[in-house]
Amino acid sequence: PSPQGPAAMAAPLKRCLLRRRDGREQHGVAASCLRELRDKASVILALDKAKEPITLVLAEDGTIVDDEDYFLCLPSNTKFVALAKNEKWSSKNLDSGTAWPSESADEVDSAAEKWKQLARQLKDDLSNIILMSEEDLQVLTDVPRSDLAEELAQSQTKVQVLQDTLQQVLDRREEERQSRQLLELYLQALKNEDSILSKVAESEAGPRREMDVVDTGTSSTSTSAKTVLSDQILAALKEKPAPELCLDSQDLELVLKEDTQALASALRWDKQRAEALQQACDQELSKRLQQVQTLHSLRSMSKGKKTLPWGDWPSSKRKK
């Protein structure tokens, strides 16, 4: 028998991923048992004696791992969070750094960061509501009231009014979209009727070969034009009815700056339809900016008074 005795029968090294509760860095650690992993965690994470003993929990759900047999049953590359003395694991820690660099964790991080970033925009200037996309408005509407109140440093009562306002903006845009769809259906019906009448007139006058050629708007010159718009914007433009209503103002500006031929090529539309889309985006952007300017003018006129909604919210000059 080996002089090492039972040590020779020790479990093979298990690869583990380790990080602190609020840390951004993850460490790869190999350990044969839970005690060894705990000891290595203290050294690698540079924890002082005052913060020991540390507790190891599963990063996935916060399960405390304090049983050697359970540790040995865990698969390789299990993710652990090291908690110092008196620290507790919480799912909210995902927002502050314990989310691991996986696809699902990235989504949690980005979603949490997104609503906080949008909340800061409203904290700077509530008129930014007008400039937001429908997706951003929905994100802020869905945030728990207590979380949004904490981020904005406002009472839950005010935040409830704010979220009601956000929902009203969404509802108004949806109503406008439905109105436009009804108008488009009406205009399309008139167009179809005119088309039928013109075809009847053509058949009576005799066939013309020239009419067999249809301009699809995808000429060879269009293939050379490239768009710089993101796939997300293009998808919204192509798939959503009245897409100018769902985009935020920055995206509307990008659509306006885009070369019309490149836009038509990317959407596989004819140039006339692309021009109509850009015109609709231009009108929507102008309307929003006019609304913001009006609000700012009213705010300036009523400075020192509380006649306007949100008059006592912190505000700053909007960057242009």
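In what follows, the structure referred to is the one given above.
Residues numbered from 1 in each chain as written. Predicted model: local features only at pLDDT ≥ 70, side-chain atom pairs only at ≥ 80, totals over all residues. Heavy atoms only, no water.

1. So, the overall build of the chain
A tally of regular secondary structure across the chain gives twelve helices and four strands. By the burial criterion, 34% of the 320 residues in the chain qualify as buried. Sequence-distant contacts in the chain: of pairs separated by 6 or more residues, those separated by 24 or more amount to 62%. Taken as a whole, the chain presents about 20600 Å² of accessible surface, with 52% of it coming from carbon and sulfur. (Helix = DSSP H or I, 4+ residues; strand = E, 2+ residues; numbered from the N terminus. Buried < 20%, exposed > 50% of the residue type's maximum accessible area, 1.4 Å probe, protein only. Contact = heavy atoms within 4.5 Å. Areas by Shrake-Rupley, 256 points an atom, 1.4 Å probe, with all protein chains shown as cover.)

2. Describing the packing of aromatic side chains
The geometry of an aromatic ring pair is captured by two quantities: the separation of the ring centres and the angle between the planes. For the structure shown, the criterion picks out one aromatic pair. Pairing Phe71 with Phe80 gives two aromatic rings, centres 6.2 Å apart and planes at 40°, and the pair type is tilted. The ring of Phe71 has Lys14 sitting right over it, with the charged end atom 5.6 Å from the ring centre. Over the ring of Trp269 we find Arg273; its NZ or CZ atom is 3.9 Å from the centre of that ring. (Phe/Tyr/Trp six-rings, centres within 6.5 Å; stacked < 30°, edge-to-face > 60°. Lys NZ or Arg CZ within 6 Å of the ring centre and 35° of its normal.)

3. Notes on the layout of surface pockets
Its boundaries defined by the atoms lining it, the second largest pocket holds a volume of some 830 Å³. Mapped by element, the contributors of at least two residues to the lining of the second largest pocket are α8 (156-205), α9 (231-239) and α12 (271-301). In terms of residue count, α12 provides more of the lining of the second largest pocket than any other element does, seven residues in total. Classifying every residue of the lining of the second largest pocket gives ten nonpolar, four polar and eight charged. Each of domain 2 (110-187) and domain 3 (229-302) contributes no fewer than three residues to the lining of the second largest pocket. (1 Å grid on protein atoms, 1.4 Å probe; cavity = no way out; pocket = protein on both sides within 12 Å on 5 of 7 lines; lining within 4 Å. Points joined across faces, edges and corners; volume = space filled by probe spheres on them. Nonpolar A, V, L, I, M, F, W, Y, C, P; charged D, E, K, R; others polar. Domains from an automatic or database assignment.)

4. Looking at the packing of α9 against helix α11 (residues 260-267)
Viewed as axis vectors pointing N to C, α9 and α11 meet at an angle of 75°, and their least axial separation amounts to 10 Å. Taken together, α9 and α11 sit at an angle that is classed as roughly perpendicular. For the pair α9 and α11, the contacting residues are Leu234, Leu237 and Lys238 in the first and Leu263, Ala266 and Leu267 in the second. Classifying every residue of the contact of α9 with α11 by side-chain character gives five nonpolar, no polar and one charged. (Axes fitted to C-alpha atoms, helices over the stretch in contact; angles between N-to-C directions. Parallel < 35°, antiparallel > 145°, perpendicular 65-115°, else oblique.)

Read these as geometric descriptors, not functional statements.
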